[in-house]
Amino acid sequence: MALLELKNVNVRYIMKDKKVHACQHVSLEIEEQDSIGIVGESGSGKSTLASAVLRLLPQRITQVDGEILYNGKDLLKLTKDEMDALRWTDLSIVFQKSMSALSPVHKVGAQMEDVYRVHFPNAQKEEIKQRVYDLFKVVNLSDRVYELYPHELSGGMMQRVSIALSLLHNPRLLVLDEATTALDVVTQSQILREIMSLEQNLNVTRIMITHDVSVVASTCKKIAVMYAGRLMESGETKDVLVNPQHPYTQGLLKSFPSFKGAKNDLRGIPGSLPDLSQEIPGCVFAPRCPFATEKCRTVEPELKTVNGKGNWKVACHKVGGE
Amino acid sequence: MKKDNIFQAVMRVLKKNSQLRMGVILLIVLLCVALFAPIIAPCDPYKLYDALVAGPGTPGHILGTDGLGRDVLSEIIYGTRTSLMIGVVAASISGILGTCIGGIAGFFGGKIDRFISEFMNFFLMTPSFFLILIIVALFGSNIMYIMIVIGLTSWTGNARLMRAQAISLKERTFVKSAQAMGESRFSIMFRHIIPNGIFPIIAQTTMNVSSAILSEAGLSFLGLGDPNVVSWGQIIYHGKQYMPKGWWISTFAGVAVVFTVLTFFLIGDGLNRVLSPKMDANN
Amino acid sequence: MKRYIGKRALSGLLVVLLSVCFNFTLIRLAPGDPIRIMAGTDNPNEEMIEALQQKYGLDKSIPEQFVMFLGNVAKGDLGYSYISDESVIKLIGEKIGPTLALSLTAVLLSVTFGTLIGIYAARKNGSRFDRFVCSISYVFDATPGFWLGLMMILIFASSLKWFPTSGMVNLRANYKGFAYFADVCRHLVLPISTMVLTQTPYYFRIARSSVLQVMSEDFITTFKATGMKESRIFNKYVLRNAILPTVTVLGMSLAFLLSGSVLIETVFAWPGMGRLMFSSISKRDYPVLTGIYLVTSVVICIAMILVDILYGFIDPRIRYD
């Protein structure tokens, strides 16, 4: 059984005069010990999807339906208390803006202590401190950080603090929402290496949300490509990146320099994201797709298996058969 | 075509923002009253009628007369002109001063900035109503003085805003490129910094109209208003002597002040919400 | 820290000096001669005027007068009133008590009510309560305090006769001890209510908007994601962050407290600093006026330094270097 299974998840933002379909018909399976990268340009709904899984979207203005099965339990059907019990012990997250991820007027250590006590209310101060120091060691931070305020740390250090915080209760599923995007390349690769070595030791399943395909290529076993709230293609990283099937994936990969250093011409995809408050018949990518036919504009493509491989799926009429 | 678009854009903003809509409607009412005062007012506000301190509902005097026999309604209607003028002129003075001084401080930076900032701190630490009072009381209560003094003592808030705007704008690419192309510093300031950073000051200036009207009303209430014009504060001051028997004199003039100040508050707050959508999303 | 306070005190002293100098000059440049007001009659005797001018040093130039004034201040002497011939320090001392009783009470009540209602409204953001309190606060924000005071007198004193119309004590009754205190309290009700009604919206708006702002910060999402109870997030993290602007504004209000509320004190004939100031302006009582200005400026300056220091304790991002 998959650790996390999304079945036909839809997320809508309800505005005063319109509804925005931020995610539509997203189905995805994530196995235990997997690492999956969800990529897409900004506005593709990848962060929304992650927040939806963790039920962190503001309830008043969003509407989520479909099924989000974690260990067979539908997260969307849990009561608030049941969900709170899963938070951080099972599901945790690292946000992009780590500089503002903690309260500016409380010390880092005190806040981590507080989070620790959410699930172990009677924990002793010394015990927590030891745990935090251990985690600091893991992410390469000095113990001194415990007594500092967030503004006294650099961006990279705060990122490490966020990661240490997310690991506080040994979560089974860790979401990294653009967690390294804002960092410089050296710090980024250092942190990514730390995360990957952690994974092997701690038995975590990781979802990595990023717009940087190279990060996924070097750190994730699987990849899922999103566009305009829909899943375009998903599968093993080595399959999808080497031999992309969906025209959008192909376009996305062309807009990054080659990993092997060959000088291909860099190309963006002409056009821009469609207006998600409108109902779009057919494939969402059709207006920008160089291969689009009449069918693409009228019938929405279903996810299909590619080359008989069970976990490689593409939503495109042009792939397989036709 | 283009005009039409601007009009449509304004309508769209007004439709979304209820504060602004209310404020604009009230403002239109006020402007009409001020503009058509001679037509709307039933009597000459300066004429002394025989009925002294006649209550509201007296024939010919809907809101009654004051202690000298003037028609209260007409006084209030003409008072709209005074209040609007004082509010707008004083707020404009403080807006223009604040924009220029704050813009220079933020854009030029360095020693100029430090000097201006110290100067602003100095102003921040002076009790401004006290100062206004001293100046008006000692130098005479001419309406020109009153407007200028109110304007001169309230520019620091605008300057602070503009300074922050200028500091953030001068790092932006279009300003950098104008610099690189050799545009002079003053030209950059007036062509790029001020036009791009002025919006929060406009909202603030609308609020300042309110406080200027309140300041003038306060001065008049202390008997320091310009005796040659009708103003709401003076009506309240005059009516105070006939309290509690002649309650209507002060009461209705005060309602007019509340109404007007509320109008500008609503517009200013509405503008602020339009300018910072983040706050709007919270509401 | 010590160095910072020293620096601030020095620059504060400079500001006070400049401010008083400005005020001193301004007052003396103004048209209207206090001596002629003092001498009273329309056609006063020239010798008397000269004698008076000499007595008060008004025959000297303004810079000379200012230096004299500073010298006296250094000796702790703020001069004597032209009108009553009493020492300025004594005059001010008599009025500080009543002003504090009125304004300080009003500010403390306003900040308490305003902040509590603001926090509650922000928690119930968008609810009917929130919308209702917001509209009310708009109206009271737009209401001139002096007019509201008149209306209060009209309704609660003249018509209903619940409270006295004006003054601080019933002079005819000659109360002693507790009865005196109770009488002052009765006189305080209307002016304080007026001030609280017009000041509360200010604190309400600040508290409400800063709570809303903090609630939209990223770290709130972090804590929600950890499964922390919302009440704990609110009570520990939101409030602590949201209280900062209120502290700043409260500090400013306290700083300007001594200059009193001329308008409210006038409406209710309250014997405080505001009225002393206003009467000394109209009577051209220069020494009293300058004295009040000096005392107020010093108080403002000290209060602002104190607020800065306090702020350093509650906001770790502020550094003194």
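Everything numeric here is computed off the predicted structure, so don't read it as measured data.

**Student:** Please explain the overall build of chain A as it appears in this structure.
**Tutor:** What chain A contains, in helices and strands, is 10 helices and 12 strands. Over its C-alpha trace chain A gives a radius of gyration of 20 Å, about what one expects of a compact globule, namely 20 Å for 322 residues. C-alpha extents for chain A along the principal axes are approximately 65 × 50 × 40 Å. The buried share of chain A, taken over its 322 residues, is 43%. Considering only contacts within chain A whose residues lie at least 6 apart along the sequence, 62% involve residues at least 24 apart.

**Student:** Could you clarify how one ought to interpret the overall build of chain C in this entry?
**Tutor:** Broken down by element type, chain C carries 13 helices and zero strands. Secondary structure of chain C in N-to-C order comes out as α-α-α-α-α-α-α-α-α-α-α-α-α. Taken along its principal axes, the extent of the C-alpha atoms in chain C is 85 × 60 × 40 Å. Going through the 321 residues of chain C one by one, you find that 39% of them count as buried. Considering only residue pairs separated by 6 or more positions, chain C has 72% of its internal contacts joining residues 24 or more positions apart.

**Student:** What is the right way to look at the interface of chain B and chain C in this model?
**Tutor:** Accessible area lost when the parts come together is the quantity often used to give the size of an interface. On the chain C side, the residues contacting the 31 residues of chain B number 38 residues. Contributions of two or more residues to the side of chain B that touches chain C are made by α6 (128-139), α11 (199-221), α12 (232-240) and α13 (247-275) of chain B. It is α13(B) that provides the largest number of residues to the side of chain B that touches chain C, a total of nine residues. Residues that form the side of chain B that touches chain C fall into these classes: 22 nonpolar, eight polar and one charged.

**Student:** Sorry if this is basic, but what is going on with the sheet that holds strand β1 (residues 4-14) of chain A here?
**Tutor:** Residues and elements named next belong to chain A. Taken in spatial order, the four strands make up an open sheet running β2-β1-β4-β5, and their pairing is antiparallel. Of all the strands in the sheet, the pair left with one neighbour each is β2 (19-30) and β5 (73-74). Direction of pairing for β1 relative to β2: antiparallel, over a ladder of eight bridges. From the neighbouring strand, I14 faces β2, where its bridge partner is K19. Its contacts with the sheet place helix α1 (residues 46-53) against β1, β2 and β4 (62-70), and it is angled at close to 70° to β2.

**Student:** Sorry, what's going on with the packing of helix α5 (residues 88-123) of chain C against helix α10 (residues 230-255) of chain C here?
**Tutor:** Residues and elements named next belong to chain C. Two elements in contact, α5 and α10, have axes whose closest approach is 11 Å; the angle formed by their N-to-C orientations is 160°. The orientation of α5 relative to α10 falls into the category roughly antiparallel. With respect to the hand of their crossing, α5 and α10 are arranged in right-handed fashion. Facing V107, V111 and T115 of α5, the residues of α10 in contact are T246, L250, S253 and L254.

**Student:** Help me understand the packing of α5(C) against helix α8 (residues 177-215) of chain C, please; the structure alone is not making it clear to me.
**Tutor:** Packed helices, taken two at a time, are described by the angle between their axes plus the distance between the axes. All names here are of chain C. Contact geometry of α5 with α8 gives a least axis separation of 6 Å together with a crossing angle of 35°. Seen from above, α5 lies across α8 with right-handed handedness. Residues belonging to the contact of α5 with α8 are distributed by class as follows: 23 nonpolar, seven polar and two charged.

**Student:** Would you take a moment to explain the sheet that holds strand β7 (residues 173-177) of chain A for this structure?
**Tutor:** Hydrogen bonds between backbone atoms are what pair the strands of a sheet, whose relative direction is either parallel or antiparallel. Residue and element names in this part refer to chain A. Spatially, eight strands are ordered β6-β7-β8-β3-β9-β10-β12-β11 in an open sheet, and the strand pairing comes out mixed. Here the strands that pair on one side only, and so sit at the sheet edges, are β6 (91-94) and β11 (304-306). In this sheet, neighbouring strand axes are inclined to one another by 25° on average, regardless of whether the strands run parallel or antiparallel. By the bridge criterion, four bridges tie β6 to β7 in an arrangement that is parallel. Bridge pairing links I93 to V175 in β7. Against the sheet, α1 makes contact with β3 (35-39), β7, β8 (205-210) and β9 (222-227), and its axis sits at roughly 145° relative to β8, the strand it touches most.

**Student:** Is there a simple way to explain the interface of chain C and chain A in this structure?
**Tutor:** Between chain C and chain A, the residue contacts involve 16 residues of the former and 19 residues of the latter. Those elements that place two or more of their residues in the side of chain C that touches chain A are α9 (218-225) and α10 of chain C. No other element matches the six residues that α9(C) contributes to the side of chain C that touches chain A. Within the side of chain C that touches chain A, the residues separate by chemical class into five nonpolar, five polar and six charged.

**Student:** When you look at the environment of C:L100 in this model, what are you seeing that I'm missing?
**Tutor:** Within the secondary structure, C:L100 sits in helix α5. Note: C-alpha distance between C:L100 and C:K60 (40 residues apart in sequence) is 37 Å.

**Student:** Hey, could you run me through the nonpolar core in this one?
**Tutor:** In globular proteins that are soluble, nonpolar side chains generally tend to be buried together. The biggest cluster of nonpolar side chains holds 213 residues, and the ones touching the most others in it are A:A164, A:V175, A:V225, B:I76 and B:V136. Tallying contributions element by element places α13(B) first for this core, with 13 residues. Setting aside residues no more than four positions away along its own chain, A:A164 makes contact with A:L135, A:F136, A:V138, A:V139 and A:L141. One finds B:F107, B:A166, B:M189 and B:I193 within the second-largest nonpolar core, a separate group that totals 17 residues.

**Student:** Is there a simple way to think about the environment of B:R160 in this case?
**Tutor:** Residues and elements named next belong to chain B. Structurally, R160 can be placed in helix α8 (residues 156-169). In the structure, R160 is positioned 43 residues away from S117 in sequence and 8.6 Å away in space, judged by C-alpha atoms. Excluding residues that lie within four positions of it along the chain, R160 makes contacts with G102 and M120.

**Student:** Explain the pairing of strand β12 (residues 309-314) of chain A to me, please; I cannot follow it from the model alone.
**Tutor:** Each regular strand shows side chains that alternate between the opposite faces of the sheet. Residue and element names in this part refer to chain A. Alignment of strand β10 (residues 230-236) against β12, held across two bridges, turns out to be antiparallel. Across the sheet, residue E233 finds its bridge partner in β12, namely V314. In this sheet, β12 lies alongside β11 in antiparallel orientation, the contact comprising three bridges. Among the inter-strand pairings, K304 is bridged to a residue of β12, identified as V314. Hairpin connection between β11 and β12: a loop of two residues separates the two successive antiparallel strands, and N307 in this loop has a positive phi of roughly 50°.

**Student:** How should the arrangement of the chains be read in this particular structure?
**Tutor:** Most contacts, when the two pairs of chains in contact are compared, are made between chains B and C. Of all C-alpha pairs spanning chain A and chain B, none lies closer than 9 Å, and the two are not in contact.

**Student:** Mind showing me how you'd approach helix α3 (residues 108-119) of chain A here?
**Tutor:** Side chains of residues three or four places apart in an α-helix project in the same direction, reflecting 3.6 residues per turn. Residue and element names in this part refer to chain A. Of all the positions in α3, only V108, G109, Q111, M112, V115, Y116 and V118 are classed as buried. Burial along α3 is one-sided: seen end-on, the buried residues are contained in an arc of 165°. Those residues of α3 hidden inside the fold are in contact with α4 (125-138) and α5 (155-166).

**Student:** Sorry if this is basic, but what is going on with unusual backbone geometry here?
**Tutor:** Most peptide bonds adopt trans geometry, and most residues besides glycine take a negative phi value. In this structure, A:N71 takes a positive phi of about 55° despite not being glycine. Here A:N71 shows up in the loop between β4 and β5. When the 15 C-beta atoms within 10 Å are taken as the criterion, A:N71 is described as partly exposed. The phi torsion at C:R284 lies on the positive side, around 55°, for a residue other than glycine. With respect to the helices, strands and loops of the structure, C:R284 is situated in the loop between α12 (273-282) and α13 (286-314). For C:R284, a count of 21 C-beta atoms within 10 Å gives the class buried.

**Student:** Looking at this model, I keep getting lost on the UniProt feature "transmembrane region" (unreviewed entry) in chain C. Mind explaining?
**Tutor:** Residue and element names in this part refer to chain C. The positions that UniProt labels "transmembrane region" (unreviewed entry) are, in the present scheme, residues 100-120, 132-157, 177-198, 242-270 and 290-314. For residues 100-120, the helix share is 100%, the strand share is 0%, and the end-to-end C-alpha distance is 29 Å. The annotated region residues 132-157 carries 88% helix and 0% strand content, and the separation between its end C-alpha atoms amounts to 28 Å.

**Student:** Looking at this model, I keep getting lost on the confidence of the model for chain C. Mind explaining?
**Tutor:** Caution is warranted with low-pLDDT regions, since their predicted coordinates should not be read in detail. In the predicted model, chain C carries a mean pLDDT of 84, and 96% of its residues have values of at least 70. Among the prediction metrics, the complex's ipTM stands at 0.85, with pTM recorded as 0.84.

**Student:** Even after reading the chapter, I still don't get the environment of A:K46, so can you show me in this structure?
**Tutor:** Residues and elements named next belong to chain A. The topology assignment puts K46 in helix α1. Given 28 C-beta atoms within 10 Å, K46 falls into the buried group. K46 sits 180 residues away from M226 along the chain, and the two C-alpha atoms are 6.8 Å apart. Setting aside chain neighbours within four positions, we find K46 in contact with I38, G40, I209 and M226.

The rules behind each value
- Residues numbered from 1 in each chain as written.
- Chains lettered and ligands numbered in written order.
- Predicted model: local features only at pLDDT ≥ 70, side-chain atom pairs only at ≥ 80, totals over all residues.
- Helix = DSSP H or I, 4+ residues; strand = E, 2+ residues; numbered from the N terminus.
- Rg over C-alpha atoms; globule rule 2.2 N^0.38 Å.
- Buried ≥ 20, exposed ≤ 12 C-beta atoms within 10 Å, placed from the backbone.
- Contact = placed C-beta atoms within 7 Å.
- Nonpolar A, V, L, I, M, F, W, Y, C, P; charged D, E, K, R; others polar.
- Pairing = 2+ DSSP bridges.
- Axes fitted to C-alpha atoms, helices over the stretch in contact; angles between N-to-C directions.
- Parallel < 35°, antiparallel > 145°, perpendicular 65-115°, else oblique.
- Left-handed = near helix turned anticlockwise from the far one by under 90°.
- Core = buried A, V, L, I, M, F, W, Y, C linked by C-beta atoms within 7 Å.
- Arc of directions from axis to C-beta.
- UniProt positions renumbered as here; feature names shortened; annotations may be inferred.
- pLDDT = per-residue confidence, 0-100.

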